[in-house]
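Report on the structure
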Amino acid sequence: MGDYTERRAIRRGRARAPWCAAALLVGTAATSICMSLTQVAAASSISVLVGYADSARAGGEFPNPWNGAPNTTFDGCSPQAACTFDGGAIRIRNDNPASVLVDQVSVHIGGCLYTWSGATYPRSLAPGASLVVAQRGSGVGSGCTGPDPLTFDSSDIPNAGTCANDGIQPTVDVTIDGTTSSYTDSGQVLNTGGIDSGVCSNGDESTQWVTIGNHSCPGQTLTLNPPTQTDPVATTATLLAKLTDACARPLSDVVVGFKVAAGPNAGATGQGATNSLGIAAFSYSSLVVGMDSLQAAVTNAVGFTRTSNTATVTWTIEFAPGGGSFVIGNKNAALGSAVYFWGSQWAQHNSLTAGTAPRSFKGFSDQPVTPACGQGWTADPGNSTPPPDGPLPDFMAVIVTSSARQIGPEISGDTVAIVIVRTHSGYEPNPGHSATGVIVAVMCGSASAVTSEAPQRPQLAGLPTQVQSGAPSGPASAATPTACQVSARGRSTTLPSQACVRKKRS
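Quick caveat, the model's predicted, so the values are computed rather than measured. (Residues numbered from 1 in each chain as written. Predicted model: local features only at pLDDT ≥ 70, side-chain atom pairs only at ≥ 80, totals over all residues. Heavy atoms only, no water.)

The next subject is the sheet that holds strand E2 (residues 72–75). Strand order in the open sheet formed by 5 strands is E2-E7-E3-E1-E10, and the pairing between neighbours is mixed. Two strands lie at the open edges of the sheet, namely E2 and strand E10 (207–211), each paired on one side alone. Within the sheet, the average angular offset between the axes of one strand and its neighbour, ignoring direction, is 20°. The sheet contact formed by strand E1 (residues 46–54) and strand E3 (residues 86–94) spans 9 bridges and is antiparallel. Paired with Ile-46 across the two strands is Asn-94, which belongs to E3. (Pairing = 2+ DSSP bridges. Helix = DSSP H or I, 4+ residues; strand = E, 2+ residues; numbered from the N terminus. Axes fitted to C-alpha atoms, helices over the stretch in contact; angles between N-to-C directions.)

All right, on to the packing of aromatic side chains then. Two measures describe an aromatic ring pair: the distance that separates the ring centres and the angle between the ring planes. Enumeration over the complete set of coordinates arrives at 17 aromatic pairs. Their ring planes at 80° and their centres at 6.5 Å tell us that Phe-74 and Phe-85 sit as a pair that is edge-to-face. Placement of Phe-74 in strand E2 and of Phe-85 in the loop between E2 and E3 is noted, with a sequence separation of 11 residues between them. An identical accessibility class is assigned to Phe-74 and Phe-85; each is buried. Summarising the aromatic geometry, the rings of Trp-116 and Phe-152 are spaced 5.2 Å apart at their centres and angled 80° between planes, so their arrangement reads as edge-to-face. Within this pair, whereas Trp-116 is found in strand E5 (residues 112–116), its partner Phe-152 is found in the loop between strand E7 (130–133) and strand E8 (171–176), the two being separated by 36 residues in sequence. Trp-116 gets classed as buried once you look at its relative accessible area, which sits at 0%. (Phe/Tyr/Trp six-rings, centres within 6.5 Å; stacked < 30°, edge-to-face > 60°. Buried < 20%, exposed > 50% of the residue type's maximum accessible area, 1.4 Å probe, protein only.)

This part covers the sheet that holds strand E11 (residues 220–225). Backbone hydrogen bonds are what pair the strands of a sheet, in a parallel or an antiparallel way. Across the sheet, which stays open at both edges, the 3 strands sit in the order E11-E13-E16 with antiparallel pairing between neighbours. Each having just a single partner strand, E11 and strand E16 (279–285) make up the two edges of the open sheet. Here the strands of the sheet are splayed against their neighbours by 15° on average, with no regard to which way each runs. Of the pairings in the sheet, the one linking E11 to strand E13 (residues 236–245) comprises 6 bridges and is antiparallel in character. Each bridged residue has a counterpart across the sheet, and for Asn-225 the counterpart in E13 is Leu-240.

Here the focus is the side chain of Asp-231. Here Asp-231 lies in strand E12 (residues 228–232). Setting aside residues up to four positions removed in sequence, Asp-231 forms contacts with Thr-236, Ala-237, Val-313, Thr-314, Trp-315 and Thr-316. (Contact = heavy atoms within 4.5 Å.)

Scanning the entire structure with this criterion turns up 4 disulfides. Between the sulfur atoms of Cys-112 and its disulfide partner Cys-144 the distance amounts to 2.0 Å. On the sign convention where negative is left-handed, the bridge of Cys-112 and Cys-144, at about 85° about the S-S bond, is right-handed. You can see Cys-112 sitting in strand E5 and its partner Cys-144 sitting in the loop between E7 and E8, a full 32 residues away along the chain. Of the residues examined, Cys-144 reaches a relative accessible area of 44% and is grouped as partly exposed. Here Cys-373 engages in a disulfide with Cys-444; their sulfurs sit 2.1 Å apart. Between Cys-373 and Cys-444, the S-S dihedral sits near 90°, and the bridge is therefore right-handed. (Disulfide = S-S within 2.5 Å.)

Attention now moves to the confidence of the model for the protein chain. Residues at a pLDDT of 70 or more form 79% of the protein chain, whose mean pLDDT is 82. Residue range residues 1–43 is modelled with pLDDT below 50. Its contacts to residues more than four positions away, or to other chains, number 31 contacts. Segment residues 449–506: pLDDT under 50, and 133 contacts once partners within four positions in sequence are set aside and those in other chains are kept. (pLDDT = per-residue confidence, 0-100.)

A few words on the environment of Ser-446. Looking at the secondary structure, you find Ser-446 in the loop between strand E28 (435–445) and strand E29 (484–488). Since its relative accessible area comes to 47%, Ser-446 is described here as partly exposed. For the pair Ser-446 and Ala-333, spaced 113 residues apart in the sequence, the C-alpha separation amounts to 9.1 Å. Among residues more than four places away in sequence, those in contact with Ser-446 are Val-416 and Ala-417.

Moving on to the pattern of salt bridges. With the rule as written, the count across this model stands at 7 salt bridges. Here Asp-54 makes a salt bridge to Arg-57, at a shortest N to O gap of 2.9 Å. Arg-91 serves as the salt-bridge partner of Asp-253, at 2.4 Å between the closest nitrogen and oxygen. Separated by 162 residues along the polypeptide, Asp-253 in the loop between E13 and strand E14 (255–262) and Arg-91 in strand E3 bring together distant segments of the chain. A relative accessible area of 1% means that Arg-91 is categorised as buried. Salt bridges here are not isolated pairs; linked through shared partners, they connect Arg-91, Arg-93, Asp-95 and Asp-253. (Salt bridge = Lys/Arg side-chain N within 4 Å of Asp/Glu carboxyl O.)

Below, the structure is given as structure tokens:
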């Protein structure tokens, strides 16, 4: 019914468009009429939703969003903690690309009238914003107490205790920019199905928002997708939370909270509001390998919290493309330090506890294919151990060694740590083109103390401001041994747990 009225207003505005152009040539009066008709068309994209707020029997169906929600203007009892709600509610959402003025909202239930107006009206609504009107006072009413909406116990109108559907379909009149449109609550949401359900079933009368003209569909589902994903460190993982009612209809403008409950980024949080499809997005990054477990949650104005399924994000790291690894000296392995991991001057740029490395070593080891802390490594002198063709990953795992000795045709050393290096551009497999980068994290083993130049946890563009993601600032945090994922030759590989113990705070 309301949709029909809206469409009729749009058609009327379009039909008058040529006349409006001519009216500009006639005079002020005709122009005023033209402007009024233009406002009808401009304000046509308005959504009207209805719900029922019962805080006396608070539950999961209490309308959300409510007072204090983002982009929401509230005309009703406030503050929430001081109010007992037992009444219908109307939500007006501006879906236009321009602001509109809400002059008045009225509700007819049988012969009873309630009107929201007064000194605070008209109320300006920006694009995407909502106005929620509800009872202005605290407490429960009985029967018709309008037109002042101090109480609005619409489940009791016209009579309390009615347990058979009275057939009354409430009507909502919304006046915007001087034009009034009528919408019929044919789903009887405002009067809880035409009965006094609080008395008849002694249950929670709350009803989540539903577009007027539809029946309520109790029950909500919050899902977090994808259930599992794998991403290289320093990239961005995105998860989508979807909120729907029991009829799979999306619930919009609801704030969803996200939290990393367990894993290397435990404690990272964020939030977003659901869009017209009921979807809110959460993105974050990590400089720490491992698996994060995440959940989403929605909490309504009466404190009821609904949680999603658990989703996981596994963060991996690549060694050198094709297998093997580049190497740096252990005296250079401080977080935030610039490192030289490939080139003809490797020995001059890397300091080792066991002494100077042979000049024939250029910085690449082909064995083992997938290094781990505590293992040895080997390489051929000069350029006879073919390095990867490139390009190198933006973030790459690199061996930290305390020794590099040449015995005959073989160079070997130890692996005292594995660090993550943010690589610089310009790498070529020719040792005449050196490769450099900056250490941003420690995967396992013992590295030097943190320098004052240690990078901060990343905040990638577009992340919610609440997100705290990536590697912990300061020294690598204390952690119990855990297996960690790395990639070699395009595959994901799990290192043994003893190879992944991060250095504790000193």
